[in-house]
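Listed here are the chains, written in short residue letters.
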Amino acid sequence: MRIFKGNVYAVIAKLIFVTLAESMLGYLMLSAFGTGDTNIAIFLAVCILMIAFAYLTNISVPLKFFAPGIMFLIAFVIVPMVFTLSMSVFKYQTGNMLSKEASISTIDDQGVVPDKNNTAYDVVIGYYDGKKSNIAVLGSIEKEVEGAAPGVTAKFDSVLGYLNGDKTNLAVLATDTWMDSQYAYFLATPSSFTPLTDADVTLEEENYTAVSTKDFTAFSKAEISSMLEDIPSLKFKYETNYFLKLGSPIKGMFEGSVNQSMTVYNYFLATKDEYIRVPPVDIVKDGSGVGIGAKNFKKFTSEQISKYSNEIGNVRLTYSKPAPYFIGIETLPKPGTNFGYAIVQIKNIQYDKKSDTFTNVLSGAVYTDDGKGNYRNAKKPKDFLEPGWRQGVWFDNFTSLFNDTRIREPLIKVFIWTIAFAFLTVITQFALGLLVAVAMDKKIRGRGIYRSLMILPYAMPSIMSILIWGGMLDDNGAINGILNISVPWLHDEWLAKVSVLLVNLWLGFPYFYLIASGSLQAIPKELAESASIDGANPRQIFRLITLPLLLRMLTPLLVASFAFNFNNFNIIYLLTGGGPSFEFGSVAGATDILISYTYKLAFDTTIQNYGLASAISVVIFIIVASMSMYGIRKSKVLDDFA
Amino acid sequence: MTFFHWFRQNSWRHIVGLLGTVFAIFPLYLVVLASFSSDQSLQSTSFVPSSFVLDNFTMLFTDPKIPFLLWMKNSALIAGAVSLLSVFIGAASAFAFSRLRFKGKRTGLQALLLVQMFPSVLALSAIYVIMERVFVFAPQWGLGTLGGLVLVYLGGSMGVNIWLMKGFVDSIPLELDEAAKVDGASAMQTYWQIFVPLAMPILSVVTLLSFIGLFNEFILARMFLPENESRTVAVGLQGFIGGQYNANWGPFAAGSLLASVPIIIVFMTLQRYIIGGLTAGSVKG
Amino acid sequence: MFSMNKKRAAMLAVVGVALGGVALTPAHAATKTLTVWADETRGPHLQELFGAVEDQDAGDFVDGYVIDVKPQADFDALKAALDNATDASGPDIVLGPNDWVPSGVKNGKLAALTLPAAIKADYTANQIGDLSYKGKLYGVPLDVNNVAMVRNTGVPKPATFGAMVDYYFANKDSKNLTAGLCILGGGTEWGGMSVYSALGMQPYRMKAGKVDLTLSKPGKAAASGDPIQANFVNNLKTYVLTADGANWKSNGFYSPWDAAGVKCESDFKAGKIPYAILGNWQSDLVATSIVATAQPVPGITAGTYGNAFGSVSGALLTSFADKKGNLAAAKSLLNYFGSRAGQRDYQKIERRPHANAKASKFGNSFQKAFANAAGLASIPQIGSYLDGTGGNSWWSLAGNYWYRVAMNGENLTTVTANLSTLLKANVVAGSK
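Residues numbered from 1 in each chain as written. Chains lettered and ligands numbered in written order. Predicted model: local features only at pLDDT ≥ 70, side-chain atom pairs only at ≥ 80, totals over all residues.

A. Looking closely at the overall build of chain B. A tally of regular secondary structure across chain B gives 12 helices and zero strands. Reading the helices (α) and strands (β) of chain B from amino to carboxyl end gives α-α-α-α-α-α-α-α-α-α-α-α. Within chain B, the fraction of its 285 residues that count as buried is 52%. A sequence separation of at least 24 residues applies to 69% of the contacts in chain B between residues at least 6 apart. (Helix = DSSP H or I, 4+ residues; strand = E, 2+ residues; numbered from the N terminus. Buried ≥ 20, exposed ≤ 12 C-beta atoms within 10 Å, placed from the backbone. Contact = placed C-beta atoms within 7 Å.)

This is the structure we're talking about:
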């Protein structure tokens, strides 16, 4: 025997291991503290202490064996389990997924609307007064102005009239008496411009001005005097950007002058504190007159944009109208341009911490905590703010399992099927496994080959075999194809149940075959021999001696298998997805077992109900646990530890 | 022995054996058929192969969008690391539960069993959130990393493995460690120097079984490792037939075949031990 | 054996090393990243568009940012990941169908944005509406999912549903037809909706851009908003069912899913099925000349059509973008997605027609054919009316209905009345 005490190498090895583990955990712990994940950091600190306590002292020997296992169990099994348990007393579903704090902050963040006119600007994003934190935007507000067209001196003697006898179809017949322009005569309407020649017009003798042309009728004096107020605002089309305006009438003739409409810009700088109208002299403009730089304002470089993108996206800049209006920067400058996009917004939903209410400052509606996980307008109960939060509801989820027929009825069906499924699975798997084991319990020729082939389903990764079965049982799958039939294996309520059982039998019988054949060998042969001497035939021996012995030996495994299949999520989820659904599209389907139903309730439907799903989980847990505990008590597995 | 005699004695055994074998290998045969077929479906209408092409296999190794070898590597790495570590960690606990005397042992065992029975699908959300936080301070161990998934699996497999191995440990005779105790060995020393060498075959079996089990995990892996290059083979292959619009059974079958063969070979080679291992826990009950 | 003192020293060493970890705090990356989550088909296309993260210059698409596209394993996985994501790992932008918008907003996963008027004007009011919830816009329309009916080579253009049925029975034996109309893309519930619609059943009806809520009272004459119109049962009997004792069964014309003897894809390709519903993402499935025949399913009378779902998928802005400090950057990328240039770039890779109508002149003939069909007859896909707030979703009702009346031989009147009640309940529940 080796000398155990004082094995220095073992101690050194241990110390190295422990040191490594401790330093790694220590590093993680500090990082966790650093990012504010205090809960995880504390857990890691406890782990560090536990390891030190377990391996550097001799106070608790069992802990030396348990420490790592316990850590993993707590982190990834117990904590999530407690989380699930606690969810069951919350209204925790689509619409109520967040904590109340997160819900308030999201409502607050989202409580912004564009102003009524959708005012928006292309802006240069930068900073004011040399301080990068003082984010500002330079905006250019376009304005159309009209005025005499510079450099155009032509004036026209114009007759105001109408076309085609329609008095609303205004037109001007104009003559260039001074020969300043290239057009001797033209006819202009608000939307068209037609040059005319001598041949087109009739001239008035005295001044050689055109007075009529085809389709054109001049207004009479009386008509003109009734129109006098409107005439200054009339515009008639001239060349491209220009238009003709009429002056005062002299002897029924107007003086027409060429005008132009122009785009000019007003410039503003908006910072967090002020809205400044900047005179054009202080602006650097691009070719079209849009401002790209201003006094005291510096544009952010690409690198700075990236660095401050968060601040840029969230800044509220002053607008010409006071709060709740502000200017928000919607997008960063488009690559290759100077301009981002900013819009005028209103902070319409505002939170008051003291009274825990939200107010819509535009409509005046007040939203208060309705005790059910939402802020609701007490005057209009249908009007509430989203998202809501997880609200504690005590046992409402549990009572709804019993009281709400829409939940109760499918649940009962699913529950019954779950029991049936687990029970029938164990029975069929065990029966077939046992049959094969008994058949193979003799050295017949080819036993090795039979065995190797028959345990293939057990060796093959089940996820793949389940999916393959799914493909084979499909309406146009191999089974229907080969047998040349059209059986809806997975789409009929009862056939789907049979299919699930069949596939599960395929998956599980080799396991029971292996177990049973092992156990058969463990049964003393003398028992059978002596019975045989007593005149019992092989069948009687099997029924009266072998089977009871076998059952006694295998009960714990049968119970374990039952418990496993009770929660056998993979086969249901991957084979039928729980379907076909009961009566037109309820969440629960004919092959759903409790756990797949729970999964669908929580994850697979549009209206996800974690609260209800976790209440069902708790119920499943209680059932499975008590069944297993009963089974184990009965089989006395735990007796050695009494 | 005449043939007739032999038949009467053994014929039913052969019939059971034959039927069982057909039942067991029928789907597997179809997989092989589909994997060599040019038809992208499992619609075969006969047992006779209609075509024999290797397209499905070459696709797995040449299509840049199907990093099959990476998937295999990921699965092997994850399942390998977890099964080894979980047996390493779990065996110690199993040993302690089996051999040491301490307060709260029965409660501990019962608690372990109960925890095992908790329907854990819903814990998904909690685990996701935890690992997401871990990602923030330790990006190499959090969500989306193989390391992170290994941690989660380790936690999940702890209970089963401890429970399973306890059964095995119970079946190892007590005399040896009694002797060691007499020699003044500490519990740790007994564990490392007596128990571990003795239990090595059984530990290997548990490792293998847990490897296969992990190979099958799908729900967590799908959510944890969304990126194409980091997927496990189960998730990657499921993509062929679980996609929105198409079911490519050919490459799926080929991939399944390639993924299963190594496992089946190991399983067959260690058959004897596995059967021993499976029954050891039960027979003693 | 170590003495207690040595043990203490060892412990100190351990603690020392543990504290040493502080020095090794991870450094932060210099370039910022925008994360986009997408499904298994669009994701790789986007990756192709943006290029690998390593190869991007920060600022190619958004100033100072690189774009990291993460395709998820499949749609369910994408949804599950989004449901579970929090600020720590959530994406800045997620590509999803329009019906994710309401639940995304209710759960605080999505954030609103305002599109520049110039970009917004490129989209129809319906498309913008599809991605809006309670008056706010949560994403940019990216591509359109729809189906259209195509006909096989040599099959005449049908004016009415009846003409197709007549063609089928006239040529059934001579041309060895296995069915008249089958579904290549979109499945019974989504693609097949247009067939139901041609015969008089729809999950909801539209009126002036909104769901028509005028429903009949039980036992009263059908109203304009009724999912099942009065002539539906008769149309079924006339065109797609045949009497089977007291009940009815399929007359063989319509094959919503593959069954023994009818395999849509191979039979259609072999010319054994004259008409099929094709999805717009299936451009490589059939010949170009067949694609060119894309049209809506003809209705009972000439000039009427069955509506197909025309759902728009969007690039949706998440609330995580704000939490991660990427709000403006994410909106900038969305503006790129929505712009004509962005749509054009994306459409070079993605097969589905782009949502931006103004960019459509760049589409190929395939995309145009489907856009035309959608223009003739489609209804928006509105999640709240389809997903069954009361527990009866259209997705599980539609296929099940056909199974029950045409294959399982259940009483047509009873089952239809049942369906009518459930669909009406959906309309009522959806409007709340």
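Having seen the model, we can carry on.
B. Layout of the overall build of chain A. Within chain A one finds 19 helices and 27 strands. Scaling as 2.2 N^0.38, a compact globule of 642 residues should have a C-alpha radius of gyration of about 26 Å, whereas chain A reaches 44 Å, well beyond that. Considered along the principal axes of its C-alpha atoms, chain A spans approximately 150 × 70 × 55 Å. Looking at chain A as a whole, 42% of its 642 residues are labelled buried. Long-range pairs, those at least 24 residues apart, make up 58% of the contacts in chain A with a sequence separation of at least 6. (Rg over C-alpha atoms; globule rule 2.2 N^0.38 Å.)

C. Representation of the confidence of the model for chain A within the structure. Model confidence for chain A is summarised by a mean pLDDT of 85, while 95% of its residues fall at 70 or above. Confidence over residues 1-5 of chain A falls short of pLDDT 50; this stretch has nine contacts with residues more than four positions distant or in other chains. (pLDDT = per-residue confidence, 0-100.)

D. Summary view of the sheet that holds strand β26 (residues 384-385) of chain A. Residue and element names in this part refer to chain A. Read across the open sheet, the five strands follow the order β22-β23-β24-β25-β26; overall the sheet is antiparallel. Across the chains shown, the open sheet's two edge strands, defined by having one partner strand only, are β22 (349-352) and β26. Both strand β24 (residues 366-369) and strand β25 (residues 375-377) contribute to a ladder of three bridges, which runs antiparallel. Each residue of the ladder has a partner; that of Asp 369, found in β25, is Tyr 375. Each of β22, β23 (357-360), β25 and β26 touches helix α4 (residues 100-110); the most contacted strand, β22, lies at about 145 degrees to it. (Pairing = 2+ DSSP bridges. Axes fitted to C-alpha atoms, helices over the stretch in contact; angles between N-to-C directions.)

E. Structural detail: the domain arrangement of chain A. Domains assigned within chain A are domain 1 (8-87), domain 2 (100-109 + 350-392), domain 3 (112-144 + 265-349), domain 4 (146-262) and domain 5 (402-641). Using only C-alpha atoms to locate each centre, domain 1 of chain A and domain 4 of chain A end up separated by 94 Å. (Domains from an automatic or database assignment.)

F. Up close: the pairing of strand β3 (residues 120-128) of chain A. Residues and elements named next belong to chain A. Most of β3 sits inside the fold, with eight of its nine residues counted as buried. Summarising the sheet, β3 and strand β21 (residues 340-347) pair through four bridges and their orientation is antiparallel. The residue of β21 that forms the bridge with Val 123 is Gly 340. For β3 and strand β4 (residues 135-148), the ladder comprises five bridges, and the chain directions are antiparallel. Residue pairing for β4: Val 124 is matched across the bridge by Leu 138.

G. Here's a closer look at the pairing of β21 of chain A. Residues and elements named next belong to chain A. Burial analysis of β21 places six of its eight residues in the buried class, the great majority of the element. Pairing of strand β2 (residues 112-114) with β21 involves three bridges; the strand directions are antiparallel. When the sheet's bridge partners are listed, Val 113 is paired in β21 with Ile 346. Here strand β20 (residues 325-331) runs beside β21; their pairing, made up of six bridges, is antiparallel. Bridging across to β21, Tyr 325 finds its partner in Ile 346.

H. Main features of helix α2 (residues 42-50) of chain C. Residues and elements named next belong to chain C. Among the residues of α2, Arg 42, Gly 43, His 45, Leu 46 and Gln 47 are the ones counted as buried. Buried-residue contacts for α2 involve β1 (32-38), β2 (65-71) and β3 (93-97). Just past α2, the residue Gly 51 takes up positive phi, approximately 85 degrees.

I. How the structure looks around the interface of chain A and chain B. Contacts between the two partners involve 88 residues from chain A and, on the opposite side, 87 residues from chain B. Element by element, the count of residues in the side of chain A that touches chain B is highest for helix α3 (residues 61-87) of chain A, at 18 residues. Of the residues assigned to the side of chain A that touches chain B, the class counts are 62 nonpolar, 21 polar and five charged. (Nonpolar A, V, L, I, M, F, W, Y, C, P; charged D, E, K, R; others polar.)

J. Just the environment of Gln 260 of chain A, in detail. Residue and element names in this part refer to chain A. Among the structural elements, Gln 260 can be located in strand β14 (residues 253-270). By the C-beta count within 10 Å, which is 17 here, Gln 260 ends up partly exposed. Separated by 13 residues in the primary sequence, Gln 260 and Gly 247 have C-alpha atoms spaced 15 Å apart. Beyond its immediate chain neighbours, meaning those up to four positions away, Gln 260 contacts Gly 147, Ala 149, Asn 241 and Tyr 242.

K. Up close: the environment of Leu 467 of chain A. Residues and elements named next belong to chain A. Mapped onto the elements of the fold, Leu 467 is located in helix α12 (residues 462-473). Residue Leu 467 is classed as buried on the basis of its C-beta count, with 24 C-beta atoms lying within 10 Å. A sequence separation of 126 residues divides Leu 467 from Tyr 341, and the C-alpha atoms of the two residues are 51 Å apart.

L. Spatial organisation of unusual backbone geometry. In the segment running from Ala 323 of chain A into Pro 324 of chain A, the intervening peptide bond is cis, with an omega of 10 degrees. Position of Pro 324 of chain A relative to the elements: it lies in the loop between β19 (316-317) and β20.

M. Highlighting the nonpolar core. Counting 347 residues, the largest nonpolar core has Val 137 of chain A together with Ala 276 and Leu 333 of chain C as the members making the most contacts within it. If one sorts the elements of this core by residue count, helix α9 (residues 405-439) of chain A sits on top with 14 residues. Once residues lying within four places of it in the same chain are set aside, the contact partners of Ala 276 of chain C are Val 150, Leu 181, Cys 182, Ile 183, Leu 184, Cys 264 and Phe 268 of chain C. One finds Phe 186, Leu 187, Phe 216 and Phe 236 of chain A within the second-largest nonpolar core, a separate group that totals 21 residues. (Core = buried A, V, L, I, M, F, W, Y, C linked by C-beta atoms within 7 Å.)

N. Inspection of helix α15 (residues 340-347) of chain C at higher detail. Residues and elements named next belong to chain C. Residues of α15 that are buried include every one of Gly 342, Gln 343, Tyr 346 and Gln 347, and no others. The buried residues of α15 occupy an angular sector of 125 degrees when projected down its axis, which confines them to one face. On its buried side, α15 packs onto α2 and α14 (327-338). (Arc of directions from axis to C-beta.)

O. Local environment of the environment of Ile 263 of chain B. Following the sequence through the fold, Ile 263 of chain B ends up in helix α11 (residues 249-269). Given 17 C-beta atoms within a 10 Å radius, Ile 263 of chain B is considered partly exposed. Measuring from C-alpha to C-alpha, the distance between Ile 263 of chain B and Phe 215 of chain B comes to 9.5 Å, with 48 residues separating the pair along the chain. Here Ile 263 of chain B is in contact with Ala 459 and Pro 461 of chain A together with Ile 212 and Phe 215 of chain B, once residues within four sequence places are set aside.

P. Inspection of the sheet that holds strand β16 (residues 311-317) of chain C at higher detail. Residue and element names in this part refer to chain C. An order of β2-β1-β3-β16-β6 is seen for the five strands of this open sheet, with the pairing classed as mixed. The open sheet has two edge strands with one neighbour each: β2 and β6 (139-145). Adjacent strand axes in the sheet meet at a mean angle of 20 degrees, parallel and antiparallel pairs treated alike. Here seven bridges tie β1 to β2, and the two strands are oriented parallel to one another. Looking at the pairing, Lys 32 lines up with Tyr 65 of β2.

Q. Inspection of the packing of α9 of chain A against helix α14 (residues 493-522) of chain A at higher detail. All names here are of chain A. It is the contact of α9 with α14, at a shortest axis distance of 6 Å, that shows an interaxial angle of 50 degrees. Our classification of the angle between α9 and α14 gives oblique. The handedness of the crossing between α9 and α14 comes out as right-handed. For the pair α9 and α14, the contacting residues are Phe 421, Leu 424, Thr 425, Thr 428, Gln 429, Phe 430, Leu 432, Gly 433, Leu 434, Val 436 and Ala 437 in the first and Val 500, Leu 501, Asn 504, Leu 505, Gly 508, Phe 509, Tyr 511, Phe 512, Tyr 513, Ala 516, Ser 517 and Leu 520 in the second. (Parallel < 35°, antiparallel > 145°, perpendicular 65-115°, else oblique. Left-handed = near helix turned anticlockwise from the far one by under 90°.)

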